[in-house]
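Examining the three-dimensional arrangement
The lines below spell out each chain.
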Amino acid sequence: MKSLLPIRILYAIAAAYDGLLGLAFIVAAPQIYEYTKITPPNHWGYIHFAAGVLVIFGLMFLMIALRPVENRNLVPFGVLLKVCYVSTVAWHTYQGDIPALWKYFAVADAAFFFLFLWSLVPLEKAAAAATAPGP
């Protein structure tokens, strides 16, 4: 069986990315909006909720990083998170324009989307090898 180290690293990076991004918006959303000159929503609860969801997904990615074969069933939820964000940004960019900050995050999420899809093949192969009868 090939090493799952690249997959573990991928999901550890995803965990740090989403988890820390969520924490940053929980702790310092007003400062982030002010620094980036983005008009904030009419209530910070919208941002805090979305940031909390990012922290939860960060924890999920950490679970995948720690036990990738056993937690491979969680990967499609990560794929869907990335599809949701990238398609939302793409749609609103098409409809007019949105701040560049959200587009940068969409580029990162598009990369994660493709890497998560890639990871499914070796994870399924590893799972099959782990359950295959021995010689």
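Summarised in this report is the structure supplied together with it. (Residues numbered from 1 in each chain as written. Predicted model: local features only at pLDDT ≥ 70, side-chain atom pairs only at ≥ 80, totals over all residues. Heavy atoms only, no water.)

Let us look at helix α4 (residues 100–131). Each full turn of the α-helix corresponds to 3.6 residues, which orients residues three or four apart in the same direction. The terminal C-alpha atoms of α4 lie 47 Å apart, and with 32 residues this matches the ideal 46 Å at 1.5 Å per residue to within 8%. Those residues of α4 hidden inside the fold are in contact with α1 (5–36), α2 (44–66) and α3 (75–95). (Helix = DSSP H or I, 4+ residues; strand = E, 2+ residues; numbered from the N terminus. Expected span 1.5 Å × (residues − 1). Contact = heavy atoms within 4.5 Å.)

One pass over the structure, following the stated rule, counts 13 aromatic pairs. Here Y11 and F61 contribute two aromatic rings whose centre-to-centre distance is 6.2 Å and whose plane-to-plane angle is 40°, an arrangement assigned as tilted. With Y11 in helix α1 and F61 in helix α2, this pair connects stretches of sequence that are 50 residues apart. Its relative accessible area of 0% is what places Y11 among the buried residues. For the pair F113 and F114, a centre-to-centre distance of 4.9 Å together with 75° between the ring planes defines the contact as edge-to-face. Residue F114 is classed as exposed on the basis of its relative accessible area, which comes to 58%. The rings of Y11, Y17, F57, F61, F112 and F116 are connected pair by pair, giving a single aromatic cluster. (Phe/Tyr/Trp six-rings, centres within 6.5 Å; stacked < 30°, edge-to-face > 60°. Buried < 20%, exposed > 50% of the residue type's maximum accessible area, 1.4 Å probe, protein only.)

Another aspect to go through is the environment of I98. With respect to the secondary-structure elements, I98 resides in the loop between α3 and α4. Remark: the alpha-carbon pair of I98 and L10, spanning 88 residues in sequence, is separated by 28 Å. Setting aside residues up to four positions removed in sequence, I98 forms contacts with V89, H92, T93 and K103.

The next thing to look at is the environment of S119. Take S119: it is sitting in helix α4. Between the C-alpha atom of S119 and that of P6, which follows or precedes it by 113 residues, the distance is 9.0 Å. Setting aside anything within four residues of it in sequence, one finds S119 in contact with I7, L10, Y11 and V75. There is a polar contact of 2.7 Å between the side chain of S119 and the side chain of Y11. (Polar contact = N/O pair within 3.5 Å; in protein donor to acceptor, adjacent residues only side chain to side chain.)

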